[in-house]
Amino acid sequence: MSGTIMRGSDWVPLRGIDRRRLSEARLQAHYAVQWLARAARAYVPPQPDDEHTNLGWDSALGGFTTHPLKDGAWLSLKITDLTLALHVGEKSTHVQSFSLDGRPDAQAGQWLSGQLRARGLDARALNAPSPYEIPAHPISQDAAYGPASLTDALAELAAWFGNAALSLGSIQRQMFERKFAASPVRCWPHHFDIATLTTLAGRNTDATGYVGAGLSPGDEYYDEPYFYVSVYPEPNPAAMPNLPMLGHWHVRDFVGAVATADKIVAAKNQQGETDDFLRAAVDGAIKVFN
């Protein structure tokens, strides 16, 4: 389970959901996915830059998966109903699942600890403190999850992630074709974004640049999903090229091309215009760096 799986995937039309409901769905899913992150930190062999904690998108599942744990099992979270599952065997020949609906994190921890203990793993490792903070929510105070009341919003959130895996996978392949080093499309549980990172060698042989293309489901900058293309080192905003109408350059706190949910939902060709935005922004970022 080391990569993004796109079995029979297609772009799912985005309908547009009340922003408050979509925000609540995103926050609950963000908390739920931390169980995968905890397990990855505890039981996946460490990799540089914490890459062992990142997650793959499985379109057939409609959710995220961990890298294999030390014993070969892996965990998943289905976004549409916030169901955790422990999978054993390459084809998930044995699956134990746990619905978070109506349950607090304490019960999720008890279930997962029991499953891991039964496999001979030290369940206490799940309790290691997180190296980062995520946005505040009553779940952190032992409130119960409520996916049953957020069915439409969670389905929309899953559509955003699935569509992002599709479009970002295309960007990654294009970077490979251009002989650039591009990372797999993976989700980082800290910010809950899904992205691919391309490494660039500048004209100065000592200089290295990075172009990140990804999707955030919403954050402190935009309380809605948005595709982004960032470049490091940060360029002079005045040097950035024009973007397709779908996008704009964000220059406060970070410099990056952004296409927000409201623009994408309203687009006549959601997939085509999103892909055009991503390609144009990535090309612009590469040209500015070089």
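Provided above is the structure to which this section pertains.
The following refers to the structure shown. Everything quoted here is computed from the prediction, not taken from an experiment. (Residues numbered from 1 in each chain as written. Predicted model: local features only at pLDDT ≥ 70, side-chain atom pairs only at ≥ 80, totals over all residues. Heavy atoms only, no water.)

## Digging into the packing of aromatic side chains
Worth spelling out the cut-off: When two rings of Phe, Tyr or Trp (its six-membered ring) have centres within 6.5 Å they constitute a pair, described as stacked for plane angles under 30 degrees, edge-to-face for angles over 60, and tilted for the intermediate range. Secondary structure is summarised from DSSP: a helix means a run of H or I of at least four residues, a strand means a run of E of at least two, and numbering begins at the N terminus for each. When accessible area is computed with a 1.4 Å probe and restricted to protein chains, residues below 20% of their type maximum are described as buried, those above 50% as exposed, and intermediate ones as partly exposed. A positively charged side chain is recorded as over a ring if its NZ (Lys) or CZ (Arg) lies within 6 Å of the ring centre. The angle to the ring normal must also be within 35 degrees.
Tallied over the entire structure, the rule returns 10 aromatic pairs. Geometrically, the ring pair formed by Phe-161 and Phe-192 is tilted, given 5.0 Å between the ring centres and 55° between the ring planes. On the criterion of sequence distance, the pair formed by Phe-161 in helix H3 (residues 151-177) and Phe-192 in the loop between strand E7 (186-188) and strand E8 (193-201) is long-range, its members being 31 residues apart. The pair formed by Phe-161 and Phe-192 is uniform in burial state, with each residue classed as buried. Grouped by ring-pair contacts, the aromatic residues Trp-57, Phe-64, Phe-161 and Phe-192 constitute a single cluster. The positively charged end of Arg-38 is found above the aromatic ring belonging to Trp-35, 4.1 Å away from the centroid.

## As for the packing of helix H1 (residues 19-43) against helix H2 (residues 105-118)
Spelled out, the test is: Geometry is summarised by axes, namely lines fitted to C-alpha atoms with helices restricted to the contacting stretch, and by angles between N-to-C directions that run from 0 to 180 degrees. The hand of a helix crossing depends on one turn: near helix anticlockwise from the far one by less than a right angle means left-handed, and clockwise means right-handed. Residues are treated as being in contact if the distance between any of their heavy atoms lies within 4.5 Å.
In the contact formed by H1 and H2, the axes pass within 11 Å of each other and the chain directions differ by 35°. As for how H1 packs across H2, the hand of that crossing is right-handed. Contacts from Tyr-31, Trp-35 and Tyr-43 in H1 reach Asp-105, Ala-108, Gly-109, Leu-112 and Leu-116 in H2.

## Regarding the sheet that holds strand E2 (residues 63-65)
Strand pairs in the sheet, formed through backbone hydrogen bonds, run parallel or antiparallel to each other. Inclusion rule: Note on pairing: DSSP must find at least two bridges between two strands before they are called paired.
In spatial order, the strands read E1-E2-E3-E4-E5; together these 5 strands make up an open sheet with antiparallel pairing. Looking at strand neighbours, the two that pair on one side only are strand E1 (56-58) and strand E5 (94-99), the edges of this open sheet. Taking the axes of each pair of neighbouring strands and ignoring which way they run, one obtains an average angle of 25° across the sheet. Relative to strand E3 (residues 74-78), E2 is paired through 3 bridges, and the arrangement is antiparallel. What sits directly across from Gly-63, in E3, is Lys-78. Lying over the sheet, H2 contacts E3, strand E4 (83-88) and E5, oriented at roughly 165° with respect to E5.

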